[in-house]
Amino acid sequence: MELKVTRWQRFGHDRLYANLPDGIAVGWADLKTGDITVLRAENRDDVIAVLTKHLPDYLGTVRPARAPEAEARPTLPRLTPADDLATNPPGESLRLLLAGSGPGLWERAVSRLLRRPTEWDSWRKGLAGERRVGAELNRLSRHGWRVLHSIPLADKVDVDHLLIGPGGVFSINTKHHHKKAVWVGDEAVKVDHGKPAPYARKSRAEAKRVVRVLERYCDFPVPVDPVLVFVGVTDLKVVATQLTVRVYRERQVAALAPLSGVLTAEQVEQVYGVARHRQAWRQA
């Protein structure tokens, strides 16, 4: 796989990053020490090969780090209960949408009598899916992971779930397709061989938005992996070339539990402290 190499200099660090074609970091080399860190095990050989190739061009020519005051980071106000997203249950955004704009008792009865599908059905199904995935993610707390749900972004959309732990940060998008067969490609997803949906592309874009928010307030790089979790499907196929988005059924998210080596315990708490603050996401 061809990886793109870019230099990153902030907060006194000077690193050479190896990135996938869509910009997701899979490893980096410290230009002060020459040490290489692999962020995704499946790309280990490619990361080591490309960084080893480029390191000689940079070692010994490192520019002095900029003064700390030039890299001053913004700070968030004191966290209040109103701004604490840690209290959000899974599916909170959809629950509020249904409560504020959903059908009344009479409308529900008529739709059920006529067996007429509505937009509300999609919302309710999405809510059920997020609750199922949220319950699975919450179990990972015993392994040192932090979980947030229904993180509101600036354009009236939300991140379904954000998982933060020793193995990094995962931006998780839940899709509930009850008794459907799902095919996941590099750019699109097909449900029961239907029209392609841009789930994979949107998941990558969402992960990049999360990176921008977290790195605005954290003094270290925060790699974020996009994840698609499918609920209730009868079959799930992922093409072999699809390596940029992790894909699971809801019960398979437990596979993330043993991942480690990306964030220290202190960094996990710092990232979680930023991510749980509603105001961090106001302009995301």
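Data block above holds the structure.
Quantities reported herein were computed from a predicted structural model and do not represent experimental measurements.

The subject of this paragraph is the sheet that holds strand S9 (residues 189-191). Hydrogen bonds between backbone atoms are what pair the strands of a sheet, whose relative direction is either parallel or antiparallel. The three strands lie next to each other as S9-S8-S11, forming an open sheet whose pairing is mixed. Pairing within the sheet leaves two strands with one partner each, and these edge strands are S9 and strand S11 (235-238). Strand after strand, the sheet turns through a mean of 10 degrees between neighbouring axes, direction not considered.

Summarising the element assignment, Arg15 is placed in strand S2 (residues 13-19). The side chain of Arg15 sits in the buried core without any salt bridge; Asp30 is the nearest counter-charge, 5.1 Å away.

All right, on to the sheet that holds strand S5 (residues 146-152) then. With respect to topology, five strands assemble into an open sheet ordered S5-S6-S7-S10-S12, the strand pairing being mixed. Lying at the two open borders of the sheet, with one neighbouring strand each, are S5 and strand S12 (246-249). Ignoring which end each strand starts from, the neighbouring axes of this sheet average 30 degrees apart. Summarising the sheet, strand S6 (residues 158-165) and strand S7 (residues 168-176) pair through five bridges and their orientation is antiparallel. Within S7, the residue paired with His161 across the bridge is Ile172. Its contacts with the sheet put helix H5 (residues 199-217) on S6, S7 and strand S10 (224-231), and the angle it makes with S10 is roughly 140 degrees.

Take helix H6 (residues 265-275) next. For H6, the set of buried residues is Val268, Val271, Tyr272, Val274 and Ala275. Angular distribution of buried residues about the axis of H6 spans 160 degrees; they occupy a single face of the element. In H6, the exposed positions angled more than 90 degrees off the buried face are occupied by Ala265 and Glu266. Elements in contact with the buried residues of H6: S5, S6, S7 and H5.

About the criteria used
Residues numbered from 1 in each chain as written. Predicted model: local features only at pLDDT ≥ 70, side-chain atom pairs only at ≥ 80, totals over all residues. Heavy atoms only, no water. Pairing = 2+ DSSP bridges. Helix = DSSP H or I, 4+ residues; strand = E, 2+ residues; numbered from the N terminus. Axes fitted to C-alpha atoms, helices over the stretch in contact; angles between N-to-C directions. Buried < 20%, exposed > 50% of the residue type's maximum accessible area, 1.4 Å probe, protein only. Lys, Arg positive; Asp, Glu negative; His and termini not counted. Salt bridge = Lys/Arg side-chain N within 4 Å of Asp/Glu carboxyl O. Contact = heavy atoms within 4.5 Å. Arc of directions from axis to C-beta.

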